[in-house]
Amino acid sequence: MITVLTGGTGGAKFVDGLRGIVPAEELTIIVNTGDDHDWWGLYVSPDIDSITYVLSGLLSPERGWGVRGDTFHCLQQMKELGEETWFSVGDRDLATHLLRSKLLAQGRTLSEATRTVSERLGVKQRILPMSDQRVETRVGTPNGELSFEEYFVKRWYQDPVESVRFAGASESEPATGVIEAITTATAVLIAPSNPVTSIGPILAVPGVREALANTSAPVVAVSPIIGTAAVSGPAANLMRAQGLEVSIAGVVKAYEDFLHVLVAHESDAEFAKSVSIGKIEIQCADILMRTIDDRKRVAATALSLPRPKIIQEQAAG
Ligand code: GDP
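So, here is what we can say about the structure in this document. (Residues numbered from 1 in each chain as written. Predicted model: local features only at pLDDT ≥ 70, side-chain atom pairs only at ≥ 80, totals over all residues. Heavy atoms only, no water.)

Let us look at the overall build of the protein chain. Within the protein chain, the regular secondary structure consists of 14 helices and 14 strands. Against the globule reference of 20 Å for 317 residues, the protein chain gives a C-alpha radius of gyration of 19 Å, in line with a compact fold. With the C-alpha coordinates of the protein chain rotated into their principal frame, the extents come out at 65 × 45 × 40 Å. For the protein chain, the computed accessible surface area is about 13700 Å², with 50% contributed by carbon and sulfur atoms. (Helix = DSSP H or I, 4+ residues; strand = E, 2+ residues; numbered from the N terminus. Rg over C-alpha atoms; globule rule 2.2 N^0.38 Å. Areas by Shrake-Rupley, 256 points an atom, 1.4 Å probe, with all protein chains shown as cover.)

Written out as structure tokens, the structure reads:
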């Protein structure tokens, strides 16, 4: 059993690679829900949607979110009706939000709604929200505190970031299956997702960090940072705001209490030698995912690394 922790578009690319090489019934995906928000009265879960669409083959390859070939008639009509339209929802994508919201209104949990939606779209892998309770990523800026989608989509992540917090995290519980998926896996992978706002909310759910630290499986992360920049998106600013260096050293720091191996880009090989990392090993490879073959290669690299020394020592007794 392979368990992967993931967030949005960077994570979805990695999961796309994994689905090409791991049998569906052996893959569990634990997904960030810190970006979830209410939109037009519907419950939208952007990261669960991206993972569901990538696994069902529906994800738009051009946009990296939403449904391929979707139309936007409803969005246009909402604009004409004077509603907010900064968050783009395609017409087929809207059906997902309608079904999820209907199931939640009937009293189902987010896990149950996620399972129903994914099964109906033919997904065989197990997708677990990190929690069934609401945990909201809040980004503090000079213009006030924003939800993640306000910061990221509405305001194009242009605001200076002063703080990041996960409202509701301390009262939340991991969704059913999350802890077990981490502790019984043969390998736990951390996708090259934003360490602060995609993986950070999952780690903020009580019990998750402990499960990662205590699992007997190797925990392997693929770096979203190459050199001193994120491959894409606002990870650099968010890491700085959390006091993390924008480099593989910062990624290691974010995961230091549970990580065994960080897969870094080969251009970081020299720098990796200087990173003080305790028991964490850094292995270098080409971790850029431009094509589907790249995605499979990066996923295969993360899965085929020699077992980390610390795990070998544990196994030896
Ligand atoms: P997003 O922030 O909602 O787009 O979603 P994620 O948190 O999943 O992904 C963003 C992270 O993925 C960013 O920090 C990027 O630097 C990283 N990323 C995107 N594409 C790649 C890639 O091809 N390779 C690697 N290693 N990281 C990537």
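From this point on, the discussion continues.
Moving on, we get to the nonpolar core. Counting residues in each nonpolar core, the largest one holds 53 residues, and the members touching the most others are Leu5, Leu212, Tyr255 and Ile282. Here the element with the most residues in this core is helix H11 (residues 248-254); it accounts for five residues. Among the nonpolar cores identified, the runner-up in size contains 37 residues, and Phe14, Ile51, Val54 and Val263 belong to it. (Core = buried A, V, L, I, M, F, W, Y, C linked by side-chain atoms within 4.5 Å. Buried < 20%, exposed > 50% of the residue type's maximum accessible area, 1.4 Å probe, protein only.)

Across the sheet, which stays open at both edges, the three strands sit in the order E7-E6-E8 with antiparallel pairing between neighbours. In the strand order of this sheet, the two ends are held by strand E7 (144-147) and strand E8 (163-167), each with one partner. Strand-to-strand twist across the sheet, computed as the mean angle between neighbouring axes with direction ignored, equals 30°. Sheet topology note: the strand E6 (residues 136-141)/E8 ladder contains five bridges and is antiparallel. If you follow Arg138 over to E8, its bridge partner there is Arg165. The sheet contacts of helix H8 (residues 195-204) involve E6 and E8, and relative to E8 the element is tilted by about 40°. (Pairing = 2+ DSSP bridges. Axes fitted to C-alpha atoms, helices over the stretch in contact; angles between N-to-C directions. Contact = heavy atoms within 4.5 Å.)

Right, let's get into the site of the ligand. Taken together, 19 residues surround the ligand, and among them Thr9, Pro192, Asn194, Ser198 and Val231 come closest. One of the backbone N or O atoms of Asn194 is found 2.6 Å from an oxygen atom in the ligand. Compared with its free state, where it exposes 590 Å², the ligand has 96% of that area covered by protein. The greatest single-element share of the shell around the ligand, amounting to four residues, is contributed by helix H1 (residues 9-19). For the shell around the ligand, the class distribution of residues is eight nonpolar, ten polar and one charged. (Near = heavy atom within 4 Å. Polar contact = N/O pair within 3.5 Å; in protein donor to acceptor, adjacent residues only side chain to side chain. Nonpolar A, V, L, I, M, F, W, Y, C, P; charged D, E, K, R; others polar.)

Where H1 contacts helix H2 (residues 46-56), the axes come no closer than 9 Å and their chain directions differ by 30°. Taken together, H1 and H2 sit at an angle that is classed as roughly parallel. Of the two elements, H1 crosses H2, and the hand of that crossing is right-handed. Contacts between H1 and H2 involve Ala12, Val15, Asp16 and Arg19 from the former and Ser50, Ile51, Val54 and Leu55 from the latter. By residue class, the composition of the contact of H1 with H2 is five nonpolar, one polar and two charged. (Parallel < 35°, antiparallel > 145°, perpendicular 65-115°, else oblique. Left-handed = near helix turned anticlockwise from the far one by under 90°.)

On to the environment of Phe166. Of note, Phe166 is situated in strand E8. The spatial distance from the C-alpha of Phe166 to the C-alpha of Asp16 is 27 Å, given a sequence separation of 150 residues.

What follows deals with the pairing of E6. Burial of E6 is extensive: five of the six residues sit out of reach of the surface. In terms of strand pairing, E6 meets E7 through four bridges, oriented antiparallel. Residue Thr141 lies in a different strand from E7, and its bridge partner there is Gly144. Hairpin connection from E6 to E7: two residues lie between these consecutive antiparallel strands.

Attention now moves to unusual backbone geometry. With a phi close to 55°, Trp156 is a non-glycine residue in the positive phi region. If you trace the backbone, Trp156 turns up in the loop between helix H6 (148-154) and E8. Even without being a glycine, Tyr157 presents a positive backbone phi close to 40°. With respect to the helices and strands, the residue Tyr157 is situated in the loop between H6 and E8.

The next point concerns the sheet that holds strand E5 (residues 126-129). With respect to topology, seven strands assemble into an open sheet ordered E5-E2-E1-E9-E10-E13-E14, the strand pairing being parallel. Looking at which strands have only one partner, the edges of the open sheet turn out to be E5 and strand E14 (281-285). Direction aside, neighbouring strands of the sheet carry axes that sit 25° apart on average. The strands touched by H2 are strand E1 (2-6), strand E2 (27-31) and E5; relative to E2, the strand with the most contacts, the crossing angle is about 155°.

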